[in-house]
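Survey of secondary and tertiary structure
Listed below are the residues making up each chain.
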Amino acid sequence: MGIQLDHVNYIYSPDNAFRKQALKDINLNIQDGEFIGLIGHTGSGKSTLIQHLNGLLKATSGVIYYNNENIYDENYKMISLRSHVGLVFQYPEHQLFEMTVLKDVCYGPKNLGLSDEEAVSRAKQALEMVGMSEKDYEKSPFELSGGQKRRVAIAGVLAMEPQVLILDEPTAGLDPKGRNDILDQIALLHKKMGITVILVSHSMEDVAKYVDRIIVMNRGEVFMDGTPKSVFENGKALESVGLAAPQVSYVMHRLREIFPELPVDATTVEEAKADILHCLEAEK
Amino acid sequence: MIRDITIGQYYPAHSIIHRLDPRVKLLGTLVFIVTVFFVNDLLGLALATAALGAVIWLSKVPLKYMLKGLRAIFILMLFTVLLNVFLTPGTEIFRWGFLKVTWEGLFLAGKTAIRLMYLIIGSTIMTLTTTPNHLTDGLEKALSPLKKLHFPVHELSMTMSIALRFIPILLEETDKIMKAQQARCADFESGHLIQRMKSLIPILVPLFISAIRRANDLAMAMEARCYHGGAGRTKMKPLVYQKRDVVAYIIILVYILIWAAVKIWL
Amino acid sequence: MGIIKAAKLFYDYVTKDEHDEVENVIHAVSGVDLDVEAGQFIAVLGHNGSGKSTLAKQINALLVPTGGTLWVKDMDTKDAKNVWKIRQSAGMVFQNPDNQIIASLVEEDVGFGPENIGVPTKDIWHRVQNSLKAVGMLEYSQHSPNKLSGGQKQRVAIAGVMAMEPECIVLDEPTAMLDPSGRKEVIETIRELNREKKVTVILITHYMDEVVHADKVYVMDDGKIVLSGTPREVFSQVEYLKQLRLDVPQVTELAYELKQAGIDVPEGVLTVDELVKALERHKNR
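On a predicted model such as this, the values are computed, not experimentally measured, just so you know.

**What to know about the overall build of chain B**
The helix and strand inventory of chain B stands at 11 helices and 2 strands. Going from N to C terminus, chain B has its helices and strands arranged as α-α-α-α-α-β-β-α-α-α-α-α-α. Taken along the three principal axes of its C-alpha coordinates, chain B extends 70 × 60 × 35 Å. Taking as baseline every contact in chain B between residues at least 6 positions apart, the subset at least 24 positions apart corresponds to 74%. Just so you have it, chain B exposes about 14800 Å², and 74% of that area is on carbon and sulfur atoms. Where the 30 positive side-chain charges of chain B centre and where its 16 negative ones centre are 5 Å apart.

Rendered as structure tokens:
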């Protein structure tokens, strides 16, 4: 079950001067219920990759399986794939269009052919899940704050009750508080509903706190794939592809030169604090 | 598909055509379009083809790139050609139901297709070899006598150059919006006409809102950079005729003369 | 007197209903005092909606104060005859790189400002070359802005402002829409302009790591300046900053947490080096 990518290649404009291979031989296995951080700098292929997972882009070669079914099969229903693999794009401004928040969130369920009542009930459920308060349901989505718009955009996809939720840089342009609020909410969704979450980001600090697995993309290839701790151990390798481990990871490595007993796998401030305190205690 | 539209996109290269004064290119394009419009014999066609071929070769823009622009109007061309093929009366070649194909129809269709193609390529060359700013500078200068009649020449050309700059941005944005709605299972391809029109609303609303926001931002950025209309403005690239421009004008004149000669005496 | 000075500065957004009656008044900027010396690197921090952008637009005379006074090089921004001189002296770079580039060729865009203020043709070319060189984009002068990365577009926008030869540049969240490498490239460009060309910089941002090198940091909340000082002074207030919906670099937070736990580290640690040095002292042997 889950999503499998088998030797997936994707080439933009294959037959003219702008030809560009955006994905090179991608092989991935995404299990149900995973919380994945997909990281890479702009142009690394991460956006192209996620658009394959719900069939918006079709691989030039290779196969993608969703729940063991080949999504490129002639009889495969793309609509059903898109409702099961929900994709929320970076800018909520690109999808909000209705007069009210509630109506906008109903758009997805209605496209699935649900009745008005059912769509509304799903929309309300989704809005509740992303922490929107009921008094905002009748507001115009355009008068909301940046963080709220993003919540509505996420609800718009959640209302289709997807098994997999992919979010393309859900925190871009938000201030630190807004960023943490959204990420906390997503983590809560993952925990409460048990859905697979793929979080696309270029911030290591952001994902380190939340995800169990990090996939690093570079030049259209999977550059690293593993737990946050194993990925961050290779700070140098990350830098070579224009990324960086979280700042605490650097602190820990530098401190290790002084305190040989100190573990270096802390990725968050809390972990680092505990490790350092423990180590200093031992020094006394 | 949306990305394939080449009209209005500048193709940077170092060629004599790129360096020509935009006013020359405007006149040249105009003359070419008029002559193509009157093509109805092989000699005229050969003349236009030679002129077009020479300019394409001189412009150093790959032919492939230019032909890409045609893809966007392929449907229109096909439609016109089919209309001509089936609806022109004359000597019948074969008949299928009420549809019949005639020699005259084939000939007319061929002529129309070539005309359309040449019109598009001819005007595409101008936009491919002239930066939008240069182009609108040329228009502004060429139309400047109208200023005396209080015609807003500067404003018009500024509006045009900004529009040209934002066309690719808005096209890309349209693409993103379509994908965002498709991710919510939108279907733009099936249903009858009214359903299809309705299915465009989720694309058009975000697009308009974004365009308005961009216009607002841009107006502010322009003001911040001291833009206050055409008065007192200097030019980074003022239009001054060079020797090559004079030569080009002469070539255009010669082209007109040959054309006229062919029309009158042959 | 400094190059930019504000006294009891206010800016109100007034919304009116259909009958032209005042419905709501928002004090976007309320009672701000500011004094910026020529050549300084100033950072203004604040969460979305704290009034920092409104303040920035006032410095460029895009907005005129509804109360108090703002002087740019001793010119009162309320005085309409100063507007163009002020905008030339205090250039402005905005958040969205796409929405501030006017021309379809990099060099033509950089020339837009000088054209507007009536610089002679020959000098425009000089200025364009110089400012593109200053931001490291000279080799892209013939490129279309659409094909550039976000960071490169912002550097073109900065060059466009530099070409007007301003004494001061105001940057309104120039990195908010960029990826980490784009952010780095823009911040480095700004720092270099400040260092090499002695341009006064006012950087508006909510990224805390970008202000570590500033001479002075102002923190805004609800239209007021609630905290100001050197980065070290400001970053020592970890709890207060969090209350203001801001956060601090991870290393600063870690140092603060360790201090709370009774470890002896200095206040307002800004870099990895500082923290490592501070902890080194706890080493026995």
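We are not done yet, so read on.
**Here's the deal with the confidence of the model for chain B**
Mean pLDDT over chain B works out to 85, with 97% of the residues at or above the 70 mark. Model confidence for chain B, summarised as mean pLDDT per element, is weakest for strand S1 (residues 92-96) of chain B at 76 and strongest for helix H10 (residues 201-224) of chain B at 94.

**Structural notes on the interface of chain C and chain B**
Each partner contributes to the interface: chain C provides 39 residues, whereas chain B provides 30 residues. One can count 5 salt bridges joining chain C with chain B. Where Lys237(B) meets Glu108(C), a salt bridge forms, and the shortest distance between an N and an O atom there is 3.0 Å. Linking chain C with chain B are 18 residue pairs in polar contact (both at pLDDT 80 or more), by the criterion used here.

**A look at the packing of helix H11 (residues 269-283) of chain A against helix H9 (residues 250-260) of chain C**
A packed helix pair is summarised by two numbers, namely the angle formed by the two axes and the spacing between the axes. Where H11(A) contacts H9(C), the two axes come as close as 10 Å, and the packing angle between them is 45°. Considering their axes alone, H11(A) and H9(C) lie oblique with respect to each other. Seen along the crossing, H11(A) lies across H9(C) with a hand that is right-handed. Here Val269(A), Ala272(A), Lys273(A), Ile276(A) and Leu277(A) of H11(A) lie close against H9(C), whose contacting residues are Gln250(C), Glu253(C), Leu254(C), Glu257(C) and Leu258(C). Partitioned by chemical class, the residues of the contact of H11(A) with H9(C) number 6 nonpolar, 1 polar and 3 charged.

**Some thoughts on the state of the cysteines**
Evaluated as defined, the whole model comprises 0 disulfides over all chains. For Cys185(B), which is in no disulfide, the shortest distance to another cysteine sulfur is to Cys106(A) and amounts to 14 Å. Cys168(C) takes part in no disulfide bond, and the closest cysteine sulfur, belonging to Cys226(B), lies 14 Å away. With relative accessibility at 1%, the residue Cys168(C) sits in the buried group.

**Remarks on the environment of Gly235(A)**
Residue and element names in this part refer to chain A. You can see Gly 235 is positioned in helix H9 (residues 235-240). Sequence separation of Gly 235 and Thr 268 is 33 residues, and the distance between their C-alpha atoms is 15 Å. Residues in contact with Gly 235, not counting those within four places in the same chain, are Ala 245 and Tyr 250.

**What about the packing of aromatic side chains?**
Taken as a whole and assessed by the stated rule, the structure comprises 7 aromatic pairs over all chains. Between the aromatic rings of Phe97(A) and Tyr107(A), the centroid separation amounts to 4.9 Å while the plane-to-plane angle is 80°, which identifies the pairing as edge-to-face. Here the residue Phe97(A) occupies a position in the loop between strand S6 (85-88) and helix H3 (101-111), and Tyr107(A) occupies one in helix H3, the gap between them amounting to 10 residues. As far as the burial class goes, Phe97(A) and Tyr107(A) line up, both buried. A centroid spacing of 5.7 Å and a plane angle of 25° characterise the contact between Tyr227(B) and Phe112(C), whose relative ring orientation is stacked. Taken together, the residues Tyr227(B) in the loop between H10 and helix H11 (243-265) and Phe112(C) in helix H3 (residues 106-116) connect one chain to another. Note on Phe112(C): relative accessible area 4%, which makes it buried. The lysine or arginine in question, Arg23(B), covers the ring of Tyr241(B), its NZ or CZ lying 4.0 Å from the ring centre.

**Points about helix H1 (residues 46-53) of chain A**
Counting buried positions along H1(A) gives 7 out of 8 residues, so the element sits mostly inside the fold. By the burial criterion, the buried members of H1(A) are Lys46(A), Thr48(A), Leu49(A), Ile50(A), Gln51(A), His52(A) and Leu53(A).

**Description of empty space enclosed by the protein**
Counted by the stated rule, this structure contains 8 cavities of 30 Å³ or more. Within this model, the largest cavity holds a volume of roughly 240 Å³. Mapped onto the lining of the largest cavity, the elements with two or more residues apiece are helix H7 (132-142) and helix H8 (153-182) of chain B together with H3 of chain C. In terms of residues, the lining of the largest cavity owes the most to one element, H7(B), which gives 5 residues.

**Remarks on the interface of chain B and chain A**
Of the residues lining the interface, 20 residues belong to chain B; the matching set on chain A comes to 27 residues. Of the roughly 2000 Å² buried where chain B meets chain A, counting both sides, 63% is carbon and sulfur surface. Per-residue buried area on chain B facing chain A is highest for Lys179(B), Arg184(B) and Cys185(B); these three make up 37% of the total on that side. Applying the counting rule to chain B against chain A returns 6 residue pairs in polar contact (both at pLDDT 80 or more). In terms of residue count, H8(B) provides more of the side of chain B that touches chain A than any other element does, 7 residues in total. Of the residues belonging to the side of chain B that touches chain A, the class tally is 11 nonpolar, 2 polar and 7 charged.

**Observations concerning the pattern of salt bridges**
Considering all chains together, one arrives at 36 salt bridges over all chains under this definition. A salt bridge links Glu223(B) to Arg87(C); its shortest N-O distance comes to 3.4 Å. A residue pair is termed interchain when its members come from two chains, as with Glu223(B) in helix H10 and Arg87(C) in helix H2 (residues 83-89). Taking relative accessible area as the criterion, Glu223(B) reaches 37% and is therefore assigned partly exposed.

**Things to note about the sheet that holds strand S4 (residues 67-72) of chain C**
Residues and elements named next belong to chain C. As summarised here, the arrangement of the 4 strands in space is S2-S1-S4-S5, forming an open sheet in which the pairing is antiparallel. The sheet is open, and its two borders are formed by strand S2 (22-36) and strand S5 (75-76), each paired with just one other strand. Inspection of the sheet shows strand S1 (residues 4-16) paired to S2 by 11 bridges, in the antiparallel sense. Paired with Thr 15 across the strands is Asn 24, a residue of S2. Helix-sheet contacts for helix H1 (residues 52-59) involve S1, S2 and S4, and the interaxial angle to S1 is about 115°.

Thresholds applied
Along each chain, residues carry numbers from 1 onward, in the same order as the chain's sequence is written. Just so you know, chain letters begin at A and ligand numbers begin at 1, following the order they were written in. The model is predicted, so local features are restricted to residues of pLDDT at least 70 and side-chain atom pairs to those at 80 or more, both for listing and for counting; the totals for chains, interfaces and linings are taken over all residues. The basis for every side-chain value is the complete set of non-hydrogen atoms in the structure, without hydrogens or water. Secondary structure follows DSSP: runs of H or I at least 4 residues long count as helices, runs of E at least 2 residues long count as strands, and numbering of each begins at the N terminus. When checking whether two residues touch, look at their non-hydrogen atoms; a contact exists if any pair is within 4.5 Å. Using the Shrake-Rupley algorithm and a 1.4 Å probe, accessible areas are obtained, with residue cover drawn only from the displayed protein chains. When charges are counted, Lys and Arg are positive and Asp and Glu negative, with His and the chain ends excluded. The atom standing in for a charge is NZ when the residue is Lys, CZ when it is Arg, CG when it is Asp and CD when it is Glu. For every residue, the pLDDT score states the predictor's confidence, bounded by 0 at the bottom and 100 at the top. Salt bridges are counted wherever a side-chain nitrogen of Lys or Arg sits within 4 Å of a carboxyl oxygen of Asp or Glu. Under the rule applied, a polar contact is a pair of N or O atoms within 3.5 Å (in protein, one hydrogen donor and one hydrogen acceptor; residues adjacent in sequence only if both atoms are side-chain atoms). Every angle, taken between N-to-C directions, lies between 0 and 180 degrees, and every axis is a line fitted to C-alpha atoms, over only the stretch in contact when it is a helix. An angle below 35 degrees is read as roughly parallel, one above 145 as roughly antiparallel, one from 65 to 115 as roughly perpendicular, and any other as oblique. If you view the pair so one helix is near and one far, a crossing is left-handed when the near helix is turned anticlockwise from the far one by less than a right angle, and right-handed when it is turned clockwise. Residues are grouped as follows: Ala, Val, Leu, Ile, Met, Phe, Trp, Tyr, Cys and Pro are nonpolar; Asp, Glu, Lys and Arg are charged; every other residue, Gly included, is polar. Our working definition of a disulfide is a cysteine sulfur pair at a distance within 2.5 Å. The cut-offs for exposure are 20% and 50% of the maximum accessible area for each residue type, with area from a 1.4 Å probe on protein chains only; residues under the lower value are buried, those over the upper are exposed, and the others partly exposed. Pairing of aromatic side chains here covers Phe, Tyr and the six-membered ring of Trp, requires ring centres within 6.5 Å, and sorts the geometry by plane angle: under 30 degrees stacked, over 60 edge-to-face, intermediate tilted. Here, a charge over a ring means that NZ of Lys or CZ of Arg falls within 6 Å of the ring centre while also lying within 35 degrees of the ring normal. Here a cavity denotes grid points, spaced 1 Å and computed from the protein atoms alone, that fit a 1.4 Å probe unable to get out, and a pocket denotes an open set having protein on both sides within 12 Å along at least 5 of 7 lines; residues with an atom within 4 Å of a point are the lining. Grid points are joined across faces, edges and corners, and a volume is the space filled by probe spheres set on the points. Accessible area that two parts lose when put together, evaluated with a 1.4 Å probe and summed over both, is termed the buried area. Two strands form a pair only when DSSP identifies at least two bridges running between them.

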